[in-house]
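# Structure at a glance
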Amino acid sequence: MPHRISLAASLSCLVTATFVWAIDPNLAKRLSPQEIQAGWLLLFDGESAFGWQGDGDVAVNGGRLIIGGNKPSRITSTTAWADGELHAQYQLIGTSAQLRIGNVGIPLAADVALDGLYNLQVTMTGGKPTAWRITDPKMQQRTGSLPPADVPATASISFSVADNHQLVLHTVKFRPAGLKPIFNGKNLDGWKEIPGKKSKFTVTQKGELNIQDGPGDIQTVDQWDDFVLQLEIFSHGKHLNSGVFFRCIPGEFWSGYEAQVRNQWQGEDRSKPVDFGTGGLYNRQPARRVVSDDNEWFTMTVLAQGRHIAIWVNGYQTVDFTDTRPPNNNARQGAKLGPGPISLQGHDPTTNLSFRNIRLAELPKAKP
């Protein structure tokens, strides 16, 4: 018979484990500067279930995402991924829990659950886990591997438990793979300035693309529809305004969706962005928190797949948006699902921003 425990016992175990295994639960949710620069993204921020859809008993408490209780429960990421690395730390109360990526399931527990932290590492290729390793609290490991998918695809990530079991997630993070430079750091080959505007676009000796003055717009020659884009941005002044546009109309000024750049918020409350805030999807969804600052480098990640758009700043998810408007070739007038250039904005005469490490990975085309 499967091992079953009462909810009261599970809560008692959870309190004990929390006391023993965590000093400050929020510390584990923050990415180091090295992790941010390497492209890691928090799928669980330690504060909320933002970016997930829940079924059954799902709660955030003490910096942990708790799945399960009196009924079978599941969380599923709203973003689908293709190639990359998934890392998670978790505790088990009971013995029945599973990670599922697409149609592939990975059991998270052995026959007997151990008190303490488990570490999970998964390599994804073409939307499927191709290798995984689980290290239990006694440092014993279980591993598995699968052949790569024949056809590249994307898949959501889900964690699930049976009734009267709990899975307690401490950290969940993901690093997209396969990103390639679309700016060479030497010149503006592969980019085209919209003519007749005021912005000045230069490449510095440090290999940065600098934009001063404005308005202005510089677009890539190549076009993409579904992709993951990562780049680093530096604002050389207070509350400067810029944007990263995507699925633009080639040669058309300030077109497409815009991932906003503006490090400003109301008073002392970073959850109240000004003008959608850095990491907001301009005119669609404000950043739920402005986490970046002027006069220091920050990393922005934009994922676009079909109607779904997600944005992270310094690894923290700021936008989770689905465009339900009728399709249109202009993203300002409807849901643009087809390809378009990436563009960088010079906003006004105060503009002085730098961009570097601009890299992109194409994603398989999403179904309409």
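Report on the accompanying structure. (Residues numbered from 1 in each chain as written. Predicted model: local features only at pLDDT ≥ 70, side-chain atom pairs only at ≥ 80, totals over all residues. Heavy atoms only, no water.)

## Overview of the overall build of the protein chain
Threshold: Helix and strand assignments follow DSSP, with helices taken as H or I runs no shorter than four residues and strands as E runs no shorter than two, numbered in order from the N terminus. Accessibility here uses a 1.4 Å probe with only protein chains present; expressed as a share of the type maximum, an area under 20% marks a residue as buried, one over 50% as exposed, and anything in between as partly exposed. Residue contacts are counted whenever heavy atoms from the two residues lie within 4.5 Å of one another. Working definition of accessibility: Shrake-Rupley area with a 1.4 Å probe, residue cover restricted to the visible protein chains.
The secondary structure content of the protein chain amounts to two helices and 28 strands. Overall size of the protein chain, expressed as C-alpha extent along the three principal axes, is 75 × 50 × 40 Å. For the protein chain, the residues scored as buried account for 53% of the 368 residues in total. Sequence separation of at least 24 residues holds for 67% of the intrachain contacts in the protein chain that already meet a minimum separation of 6. Element-wise, carbon and sulfur atoms account for 51% of the exposed surface of the protein chain, whose accessible area totals about 16,200 Å².

## Considerations on the packing of aromatic side chains
To be explicit about the condition: The aromatic pairing rule takes the rings of Phe, Tyr and Trp, using the six-membered ring of Trp, and pairs them if the centres are within 6.5 Å, calling planes under 30 degrees apart stacked, those over 60 edge-to-face and the rest tilted.
Taken as a whole and assessed by the stated rule, the structure comprises nine aromatic pairs. Ring centres of Tyr 90 and Tyr 118 lie 5.1 Å apart, and the angle between their planes is 10 degrees; on these two criteria the pair is classed as stacked. Of this pair, Tyr 90 sits in strand β6 (residues 84-93) while Tyr 118 sits in strand β9 (residues 118-125), and the two are 28 residues apart along the sequence. Here Tyr 90 matches Tyr 118 in class, with each residue buried.

## Topic: the environment of Leu 303
Mapped onto the fold, Leu 303 is located in strand β24 (residues 298-305). Separated by 81 residues in sequence, Leu 303 and Asp 222 have C-alpha atoms that sit 17 Å apart. For Leu 303, the contacting residues outside a window of four places in its chain are Thr 79, Ala 80, Trp 81, Phe 227, Val 228, His 308, Ile 309, Ala 310, Trp 312 and Leu 363.

## Focus: unusual backbone geometry
Following Gly 214, the chain continues to Pro 215 via a peptide bond in cis, the omega torsion being 10 degrees. Within the secondary structure layout, Pro 215 lies in the loop between β17 (209-212) and β18 (216-220). In this structure, Arg 247 is a non-glycine residue whose phi angle is positive, near 55 degrees. Within the element layout of this structure, Arg 247 appears in the loop between β20 (242-246) and β21 (257-261). The residue Phe 276 is not glycine, and still its phi comes out positive at about 75 degrees. Assignment of secondary structure puts Phe 276 in the loop between β23 (269-273) and β24.

## Notes on the pattern of salt bridges
The line we're drawing: Salt bridges are defined by distance alone: a side-chain nitrogen of Lys or Arg within 4 Å of a carboxyl oxygen of Asp or Glu.
Summed over all chains, the structure comprises eleven salt bridges. Note that Arg 289 is salt-bridged to Glu 47, the shortest N-O span being 2.9 Å. Highlighted residues: Arg 289 in the loop between β23 and β24 and Glu 47 in the loop between β1 (41-42) and β2 (52-55), separated in sequence by 242 residues. Residue Arg 356 is joined to Glu 232 by a salt bridge in which the shortest nitrogen-to-oxygen separation is 3.0 Å. Of this pair, Arg 356 sits in strand β28 (residues 352-362) while Glu 232 sits in strand β19 (residues 227-235), placing them 124 residues apart in sequence. Among the residues examined, Arg 356 registers a relative accessible area of 22% and is labelled partly exposed.

## What to know about the nonpolar core
The condition that has to hold: Among the buried residues, those of types Ala, Val, Leu, Ile, Met, Phe, Trp, Tyr and Cys that are joined through side-chain atoms within 4.5 Å form a nonpolar core.
Formed by 38 residues in total, the largest nonpolar core has its most connected members in Leu 99, Ile 157, Phe 159 and Leu 167. Broken down by secondary-structure element, the contributors of at least two residues to this core are β4 (64-67), β6, β7 (97-101), β9, β10 (128-135), β12 (157-161), β13 (166-176) and β25 (308-313). When neighbours within four sequence positions are excluded, Leu 167 is seen to be in contact with Leu 65, Ile 66, Ile 67, Tyr 90, Gln 91, Leu 92, Ala 97, Leu 108, Phe 159 and Val 161. Formed by 37 residues, the second largest nonpolar core is a distinct cluster that contains Phe 183, Ile 218, Leu 281 and Val 302.

## Topic: empty space enclosed by the protein
The condition is simple: Points on a 1 Å grid, built from protein atoms alone, make a cavity when a 1.4 Å probe fits but cannot get out and make a pocket when they are open with protein on both sides within 12 Å along at least 5 of 7 lines; residues with an atom within 4 Å of a point are the lining residues. Grid points are joined across faces, edges and corners, and a volume is the space filled by probe spheres set on the points. Residues are grouped as follows: Ala, Val, Leu, Ile, Met, Phe, Trp, Tyr, Cys and Pro are nonpolar; Asp, Glu, Lys and Arg are charged; all remaining types, including Gly, are polar.
For the structure on display, the rule yields one cavity of 30 Å³ or more. By volume, the largest cavity amounts to about 60 Å³. The wall of the largest cavity is formed by Leu 43, Gly 51, Trp 52, Ser 77, Thr 78, Thr 79, Trp 81, Trp 312 and Gln 317. Looking at the lining of the largest cavity residue by residue, the class counts come to four nonpolar, five polar and no charged.

## Points about the sheet that holds strand β8 (residues 104-107)
Under the convention used in this document: When DSSP finds two or more bridges between two strands, those strands count as paired. Angles shown run from 0 to 180 degrees and are taken between the N-to-C directions of axes, each axis being a line fitted to C-alpha atoms and, for helices, limited to the stretch in contact.
Overall, antiparallel pairing links the five strands, which are arranged β2-β5-β12-β7-β8 in an open sheet. With one partner strand each, in any of the chains shown, β2 and β8 form the two edges of the open sheet. Taking each pair of neighbouring strands and ignoring which way they run, the sheet shows an average axis angle of 20 degrees. For β7 and β12, the ladder comprises five bridges, and the chain directions are antiparallel. The residue of β12 that forms the bridge with Gln 98 is Ser 160.

## Thoughts on the pairing of strand β11 (residues 141-145)
The sheet contact formed by β10 and β11 spans five bridges and is antiparallel. Its bridge partner lying in β11, Thr 135 is registered against Gln 141. Hairpin geometry of β10 and β11 is characterised by an intervening segment of five residues between the two adjacent antiparallel strands and by a positive phi of about 70 degrees at Met 139.

## Some thoughts on the sheet that holds β18
Ordered in space as β15-β18-β27-β20-β21, the five strands form an open sheet in which the pairing is antiparallel. Single-partner strands in this sheet number two, and they are β15 (191-193) and β21. Going from strand to strand, the sheet's axes swing by 20 degrees on average, the running direction of each strand aside. Of the strand pairs in this sheet, β20 and strand β27 (residues 343-346) are connected by two bridges, and their pairing is antiparallel.

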